[in-house]
There are 2 protein chains.
Amino acid sequence: MPVQFSISDLERETGISRDTLRIWERRYGFPAPQRNQRSERNYSVEQLERLRLIKQLMDSGMRPGKLAILDLQQLSQITQQQRETQTVPRDVEELLQILATGPRYGLLARLEALLQQQGLRDFLIGVLAPMNHAVGEAWFAGRIGVLDEHHYAEQARMVLLTALRRLPQTPGNSRALLTTLPGEQHGLGLLMATCMLALEGVEVLLLGVQTPLEEIVRGAIEGECSIVGISCSEYMNRRTVATQLVRLRNLLPDTTVLWAGGGGIKGIPAMPTGIQLFSSLDQISTALQKSAAR
Amino acid sequence: MPVQFSISDLERETGISRDTLRIWERRYGFPAPQRNQRSERNYSVEQLERLRLIKQLMDSGMRPGKLAILDLQQLSQITQQQRETQTVPRDVEELLQILATGPRYGLLARLEALLQQQGLRDFLIGVLAPMNHAVGEAWFAGRIGVLDEHHYAEQARMVLLTALRRLPQTPGNSRALLTTLPGEQHGLGLLMATCMLALEGVEVLLLGVQTPLEEIVRGAIEGECSIVGISCSEYMNRRTVATQLVRLRNLLPDTTVLWAGGGGIKGIPAMPTGIQLFSSLDQISTALQKSAAR
DNA sequence: AGGCATAATTTGTCCTAGACAAAAATAATT
DNA sequence: AATTATTTTTGTCTAGGACAAATTATGCCT
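Looking at an unreviewed UniProt entry, one finds chain A named DNA-binding transcriptional regulator, MerR family and attributed to Trichlorobacter thiogenes.

*Asks:* It is not clear to me how the sheet that holds strand 4 (residues 203–206) of chain B should be interpreted in this structure. Could you clarify?
*Replies:* What holds strands together in a sheet is hydrogen bonding between their backbones, with the strands either parallel or antiparallel. Residue and element names in this part refer to chain B. With respect to topology, five strands assemble into an open sheet ordered 4-3-5-6-7, the strand pairing being parallel. Two strands lie at the open edges of the sheet, namely strand 4 and strand 7 (275–278), each paired on one side alone. On average, adjacent strands in this sheet sit at an angle of 25 degrees to one another, irrespective of strand direction. Relative to strand 5 (residues 227–231), strand 3 (residues 175–179) is paired through four bridges, and the arrangement is parallel. Bridged to Ala176 within strand 5 is Ile227. The sheet contacts of helix 11 (residues 238–251) involve strand 5, strand 6 (257–261) and strand 7, and relative to strand 6 the element is tilted by about 165 degrees.

*Asks:* Would you take a moment to explain the interface of chain B and chain A for this structure?
*Replies:* Much of the literature gives interface size as the accessible area that the parts lose upon coming together. With 40 residues of chain B at the interface, the matching set in chain A holds 41 residues. Between chain B and chain A lies a buried interface of about 3400 Å² when both sides are counted; carbon and sulfur atoms form 58% of it. On the chain B side of the contact with chain A, B:Tyr105, B:Leu147 and B:Arg165 bury the most area, a combined 22% of that side's loss. Taken together, chain B and chain A are joined by four salt bridges. Between B:Asp148 and A:Arg218 there is a salt bridge, with the nearest N and O atoms lying 2.9 Å from each other. Taken together, the connections running from chain B to chain A amount to 20 residue pairs in polar contact (both at pLDDT 80 or more). If one sorts the elements of the side of chain B that touches chain A by residue count, helix 8 (residues 146–166) of chain B sits on top with 14 residues. Here the side of chain B that touches chain A is built from residues that sort into 15 nonpolar, 11 polar and 14 charged.

*Asks:* I'm lost on the side chain of B:Glu25 in this one. Help?
*Replies:* All names here are of chain B. Tracing the backbone through its elements, the reader meets Glu25 in helix 2 (residues 18–28). Within the structure, Glu25 has its side chain in polar contact with the side chain of Arg41 (distance 2.7 Å). If we skip the residues at most four places from it in the chain, Glu25 touches Phe30, Pro31, Ala32, Pro33, Arg35, Arg41 and Tyr43.

*Asks:* I tried to follow the nonpolar core on my own but got confused; where do I start?
*Replies:* A general tendency of soluble globular proteins is for nonpolar side chains to be buried together. Counting 103 residues, the largest nonpolar core has A:Leu160 and B:Leu160 as its most contacted members. Looking at this core element by element, the count peaks at 16 residues for helix 7 (residues 107–140) of chain A. Those residues in contact with A:Leu160, other than ones at most four positions away along the chain, are A:Leu120, A:Phe123, A:Leu124, A:Leu128, A:Leu188, A:Leu191, A:Met192 and A:Cys195. Counting 24 residues, the second largest nonpolar core, distinct from the first, contains A:Leu213, A:Ala260, A:Ile265 and A:Ile275.

*Asks:* Which parts of the structure should I look at to understand the protein's contact with DNA strand C?
*Replies:* In the neighbourhood of DNA strand C, 23 residues make up the surrounding shell, with A:Ser8, A:Arg18, A:Arg22, B:Trp24 and B:Arg27 lying closest. When atoms of DNA strand C within 4 Å of the protein are split into backbone and base, the sugar-phosphate part holds 66%. Within the side chain of A:Ser8, a nitrogen or oxygen atom sits 2.4 Å from a phosphate oxygen of DNA strand C. Between DNA strand C and A:Arg41 there is a distance of 2.7 Å, counted from a phosphate oxygen to a side-chain nitrogen or oxygen. Residue assignment for the surface near DNA strand C shows that the elements contributing at least two residues are helix 1 (7–14) and helix 2 (18–28) of chain A together with helix 2 and helix 4 (64–67) of chain B. Looking at which element gives the most residues to the surface near DNA strand C, the answer is helix 2 of chain B, with six residues.

*Asks:* Got a minute to help me understand the relation of the copies chain B and chain A in this structure?
*Replies:* Put simply, the second copy of the chain is the first one after a rotation about an axis and a shift along it. Between chain B and chain A, the superposition needs a rotation of 177 degrees and an axial shift of 1.5 Å, giving an RMSD of 2.0 Å. This pairing of chains is accounted for by a two-fold axis. Among all residues of chain B, the one whose C-alpha sits closest to the rotation axis is B:Thr162, at a distance of 2.7 Å. Here 92% of the interface residues in chain B have copies in chain A that are interface residues too; the copies meet face to matching face.

*Asks:* How should I be thinking about the packing of helix 6 (residues 90–101) of chain A against helix 7 of chain A in this particular structure?
*Replies:* Residue and element names in this part refer to chain A. Running from N to C, helix 6 and helix 7 point in directions that differ by 70 degrees, and their axes come no closer than 8 Å. As summarised for this structure, helix 6 and helix 7 are arranged roughly perpendicular, according to the angle between their axes. Within the contact between the two elements, helix 6 uses Asp91, Val92, Glu94, Leu95, Leu96, Ile98 and Leu99 and helix 7 uses Leu107, Arg110, Leu111, Leu114, Gln118, Gly126, Val127, Pro130, Met131, Ala134, Val135 and Ala138. Per-class residue counts for the contact of helix 6 with helix 7 are 14 nonpolar, two polar and three charged.

Calculation notes
Residues numbered from 1 in each chain as written. Chains lettered and ligands numbered in written order. Predicted model: local features only at pLDDT ≥ 70, side-chain atom pairs only at ≥ 80, totals over all residues. Heavy atoms only, no water. Pairing = 2+ DSSP bridges. Helix = DSSP H or I, 4+ residues; strand = E, 2+ residues; numbered from the N terminus. Axes fitted to C-alpha atoms, helices over the stretch in contact; angles between N-to-C directions. Contact = heavy atoms within 4.5 Å. Buried area = accessible area lost by both parts, 1.4 Å probe. Salt bridge = Lys/Arg side-chain N within 4 Å of Asp/Glu carboxyl O. Polar contact = N/O pair within 3.5 Å; in protein donor to acceptor, adjacent residues only side chain to side chain. Nonpolar A, V, L, I, M, F, W, Y, C, P; charged D, E, K, R; others polar. Core = buried A, V, L, I, M, F, W, Y, C linked by side-chain atoms within 4.5 Å. Buried < 20%, exposed > 50% of the residue type's maximum accessible area, 1.4 Å probe, protein only. Near = heavy atom within 4 Å. Least-squares fit on C-alpha atoms with pLDDT ≥ 70 in both. Parallel < 35°, antiparallel > 145°, perpendicular 65-115°, else oblique.

Below you can see the structure in the form of structure tokens.
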């Protein structure tokens, strides 16, 4: 029984817009779905899988025109090659194992043990950051489900919030506002950044995900925050992120620093001055020390 | 300087698709945005506001054809009428005051004091539940912004998670899986329900927001959960909620109980047997005691 | 008057095919 | 080798038409 997907389904599942899917079909001849009586597109599981792979490879900088020609085998070969170049820490591998096979209730305990063992800073940089990436990839490859992804996020959130409340609440020397752009669903990176900043004694005004730009500006001004931090996950569209960051920069007062980090800023082209991109968490510490020295 | 929005912006901000926006313009003459040199639509802030109101009213069952004719005044008048005149507890009023006027960093302390004073159960029922409603309403009326709403949610989340971890971790007699439906953004109600269940000694598998139905089912089966709980905020479309709940019920094994609660289930018509709707948090306790007695 | 089948209307999603600017790659120049 | 100009690639927007699913109105029977 062949399962078929509508163009809406594909948009949701792959993150590629309808418009783009249609124009790829026109230009590259892929994906060329079957049509129903109403001449609507009906995509197959194979096409979905192939598009998932293409999207993943695009996020690491490749171009759709080249990828659309390749078949499933060639695509997964490239993916394989890419994956082999990066080493996954042993702890992360173990966590993934727990996530994929259970027992479900053991994840929290393992996370807490690792936190205890490594300390918050190393835990964030050495465990959670690579784990986030690995979880996203495992989901993409179909090795785990949305369910497992959510479960991981929730447990990690819990561990971090607990750790955060344990930190000494010193009246900070500076203040930061942290949130995500409209459209961004993932809030875990936000919490991780909050922890990094709190470790450096910065007072954090944590807003959840998806704050409208105007409200970010209001919050920064009213809360007298010298730093505005934006977390972008890998699932976000690069161009949207870039455009919105520039717009935010223009709306913010010149005295406010704008920082952006997370998997979603990889592959973003040059940013105008006044927007600082962080490709890893530990850059936060050094940036803070620099700005404190000034 | 008039701020202008593209059709993509509007899709993101209002949740109304491009296609729908364009066809409303064709059919009802609203919204009729200005065009730039490239004859692309440029929407004004007024149009955005009006569409936001329309979306809200649609979610409570009204039809776009009727609403699109009305101007901003008429729309807000209907909204006004819809709003029930109800008494707000004094604590909630005070919290709203803090939220609206600051100091921003005082909210957490006040929430914690109330929790300490009233105990978790009464805090949930007497403070957070009415506060959630009041915050939503205050935002709708323009008395507070998205910023304040997010700030409140984040602080409340922090208080609850801390409280949750303080509860004795008894090996529960039964297990529940808690999440929201796809499309639902608000996760605070979820955390509140988790607390209520944990108070009754139920082991909770907390997944964040927006879990696909199939994944909910898988989680319930794999995690051997006898209860599946769904939280629906007032911002959700009633019809969508009803349809999805029924679909979920059909996918779940008969032995699993399906519970739904939150502001979003008010006004939902009769549900088939096997779906239990909770209009307030304390119904959770009684329902649990009933099912335990069996 | 209430229940129910049928017709009319409303509504959202999908379609084709063309246009064009922004980004990226390539070529040409200093 | 670094800049600048040109070409190619790519995604988003436009228009108006079509149609099914959902909703409301209508007629008919009990």
